[in-house]
Amino acid sequence: GREGTPELTGYETALVGDAALAAGLEEEAKELVRLAVDSLDGWMKDDGSTYAIVSGGALLATCTRLGNRMAAIKLAVPLLASQLPDGSWRSRETQPTAYATRGLAMFARAFRDEQARASAARGRGWLRLTQLKS
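These remarks concern the structure in this document. (Residues numbered from 1 in each chain as written. Predicted model: local features only at pLDDT ≥ 70, side-chain atom pairs only at ≥ 80, totals over all residues. Heavy atoms only, no water.)

Thoughts on the overall build of the protein chain
Filter applied, for reference: Strands are runs of DSSP state E lasting at least 2 residues, helices are runs of H or I lasting at least 4, and numbering of each runs from the N terminus. This radius of gyration counts C-alpha atoms alone. The globule rule is 2.2 Å times how many residues there are, raised to the power 0.38. A simple rule labels every residue: compare its accessible area, found with a 1.4 Å probe on the protein chains alone, to the largest value its type can have, and call it buried under 20%, exposed over 50%, or partly exposed in between. What makes two residues a contact is simply this: any of their non-hydrogen atoms within 4.5 Å. Only the protein chains shown count as covering a residue, and every accessible area follows the Shrake-Rupley method with a 1.4 Å probe. Positive charges come from Lys and Arg, negative ones from Asp and Glu, while His and the chain ends are left out of the count. In this description, the location of a charge corresponds to atom NZ of lysine, CZ of arginine, CG of aspartate or CD of glutamate.
Within the protein chain, the regular secondary structure consists of seven helices and zero strands. The C-alpha radius of gyration computed for the protein chain amounts to 14 Å, which stays within 12% of the reference 14 Å derived for 134 residues, consistent with globular compactness. Each of the 134 residues in the protein chain was classed as buried or not, and the buried ones make up 43%. Contacts in the protein chain between residues far apart in sequence, at least 24 positions, make up 64% of those at least 6 positions apart. When the accessible area of the protein chain is evaluated, it comes to approximately 7300 Å², of which 53% is carbon and sulfur surface. The positive charge centre, built from 17 side chains, and the negative charge centre, built from 16, are 10 Å apart in the protein chain.

Encoded structure:
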């Protein structure tokens, strides 16, 4: 975990895992993801913090790319539970909403999950409504 802001563990693991995949190091990527998911209780906070949602969404996308359904479910569940009624996450912030929406959309397509598909659609709708004209 990361000192000071352990909630960024998932985000940073996703970056390194995606780089490992791009370099053809799939087994190394899988091991990194396994370690991050095994320590989920230490960084995926129940308070729905911005960093935890960004981390969860980013790592969910990486788990989905790796085809790791069980790890992806562990990440999708808290994201689904923390979505606000208007489709956003974390006090109507765009960054966590974008990461959560992206991760859930990838998960929904890969594993044919209707709840994640509907959640991602609500997230996309909220992002469209809040997009600046510029």
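Regarding helix H4 (residues 50–66)
Stated precisely, the cut-off is as follows: The span you would expect from a helix comes to 1.5 Å times its residue count less one.
With 17 residues, H4 should cover 24 Å at 1.5 Å per step; its first-to-last C-alpha distance of 25 Å lies within 8% of that length. Here H4 lies mainly inside the structure; 15 of its 17 residues are buried. At the C-terminal side of H4, glycine 67 shows a positive phi close to 75°.

Overview of the pattern of salt bridges
Any two side chains of opposite charge can pair, on the condition that their charged atoms come close. Rules: Between Lys or Arg on one side and Asp or Glu on the other, a salt bridge is scored when a side-chain nitrogen of the former is within 4 Å of a carboxyl oxygen of the latter.
The full count for this structure, using the stated rule, is seven salt bridges. The residue arginine 34 makes a salt bridge to glutamate 31 at a minimum N-O spacing of 2.6 Å. Separated by three residues within a single helix, arginine 34 and glutamate 31 lie in helix H2 (residues 26–38), roughly one turn from each other. With relative accessibility at 36%, the residue glutamate 31 sits in the partly exposed group. Across the salt bridge formed by arginine 34 and aspartate 38, the nearest N and O atoms sit 2.5 Å from each other. In this pair, arginine 34 and aspartate 38 both sit in helix H2, four residues apart, roughly one turn of the helix. By relative accessible area, arginine 34 is classed as partly exposed at 38%. Put simply, Glu26, Glu27 and Lys30 are held in one network by salt bridges that share partners.

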